[in-house]
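Each chain is listed here by its residues.
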Amino acid sequence: MSGGGETAVRVLHSAEALGCPSRAAATAALEAHLEVLKGEPLRLSLSNALKEQKGLGGQDQALVRYALWRRLFTGARAERVMVEV
């Protein structure tokens, strides 16, 4: 990237902007992933998993959605996804 774009990327991926992933977020991601593997629709699985995990903030919910998208739609290996989140 050139110019100010590099700064924007760094800010979006900084620890302060993303926060720390929580166990609740990881649990929700795993529960939704298992439901999708059983044949449930992704949105329904995500919605149910996020409802069951109380106290997830907006950032944690975004991390869950991103992790599932990376794993299910891009075929990224679980190890890679965990490094990213």
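Along each chain, numbering runs from 1 in the same order as the chain's sequence is written. Local features in this predicted model are restricted to residues whose pLDDT is 70 or higher, and side-chain atom pairs enter the listing and the counts only when it is 80 or higher, whereas totals over whole chains, interfaces and linings include all residues. Side-chain numbers here rest on the full set of heavy atoms in the structure, without hydrogens or water.

S.K.: Could you give me a rundown of the packing of aromatic side chains, with the residues and numbers involved?
M.R.: Each pair of aromatic rings taken from Phe, Tyr and Trp, with Trp reduced to its six-membered ring, is defined by centres within 6.5 Å and is described as stacked if the planes are under 30 degrees apart, edge-to-face if over 60, and tilted in the remaining cases. Scanning the entire structure with this criterion turns up one aromatic pair. Note on Tyr66 and Trp69: the rings are 5.9 Å apart at their centroids and 40 degrees apart in plane angle, and the pair reads as tilted. In this pair, Tyr66 and Trp69 are both assigned in helix α5 (residues 58-73), three residues apart and thus about one turn of the helix distant. Taking the relative accessible area as the measure of exposure, Trp69 reaches 44% and is therefore partly exposed. Numbering of helices and strands starts at the N terminus; helices are DSSP runs of H or I of at least 4 residues and strands are runs of E of at least 2. Buried, partly exposed and exposed residues are distinguished by accessible area as a fraction of the type maximum, computed with a 1.4 Å probe on protein chains only: under 20%, between the cut-offs, and over 50%, respectively.

S.K.: Lay out the confidence of the model for the protein chain in plain terms, naming residues and giving numbers.
M.R.: Confidence along the protein chain averages 76 in pLDDT terms, with 75% of residues attaining 70 or more. Note that residues 4-15 has pLDDT below 50 and, in this model, six contacts with residues that lie over four places away or in other chains. Confidence of the prediction at every residue is given by pLDDT, a number between 0 and 100. Contact criterion: two residues are considered in contact whenever any of their non-hydrogen atoms come within 4.5 Å of each other.

S.K.: Give a description of the environment of Glu84 that names residues and reports values.
M.R.: Note on placement: Glu84 falls in helix α6 (residues 78-84). Once the C-alpha coordinates of Glu84 and Tyr66 are considered, the two residues, 18 residues apart in sequence, prove to be 9.6 Å apart.

S.K.: Run through α5, naming residues and quoting values.
M.R.: Between the first and last C-alpha of α5 there are 22 Å, a value that for 16 residues agrees with the 22 Å anticipated at 1.5 Å per step. Looking at α5, one finds that the buried residues are Asp60, Leu63, Val64, Ala67, Leu68 and Arg70. In an axial view of α5, the angular spread of the buried residues amounts to 160 degrees, which keeps them on one side of the axis. Residues of α5 that are exposed and point more than 90 degrees away from the buried face comprise Gly58 and Phe73. For a helix, the expected span equals 1.5 Å multiplied by the residue count minus one. Throughout, the arc means that of the directions going from the helix axis to the C-beta atoms.

S.K.: Describe the nonpolar core, with residues and values.
M.R.: Judged by nonpolar contacts, Ala25, Ala28, Ala29, Ala32, Leu46, Ala49, Leu50, Leu56, Val64 and Leu68 together constitute the single largest core of ten residues. Going through the elements one at a time, α3 (23-37), α4 (42-52) and α5 are the ones with two or more residues in this core. Sort the elements by how many residues they give to this core and α3 lands first, with four residues. To define a nonpolar core, start from buried Ala, Val, Leu, Ile, Met, Phe, Trp, Tyr and Cys residues and group those joined through side-chain atoms within 4.5 Å.

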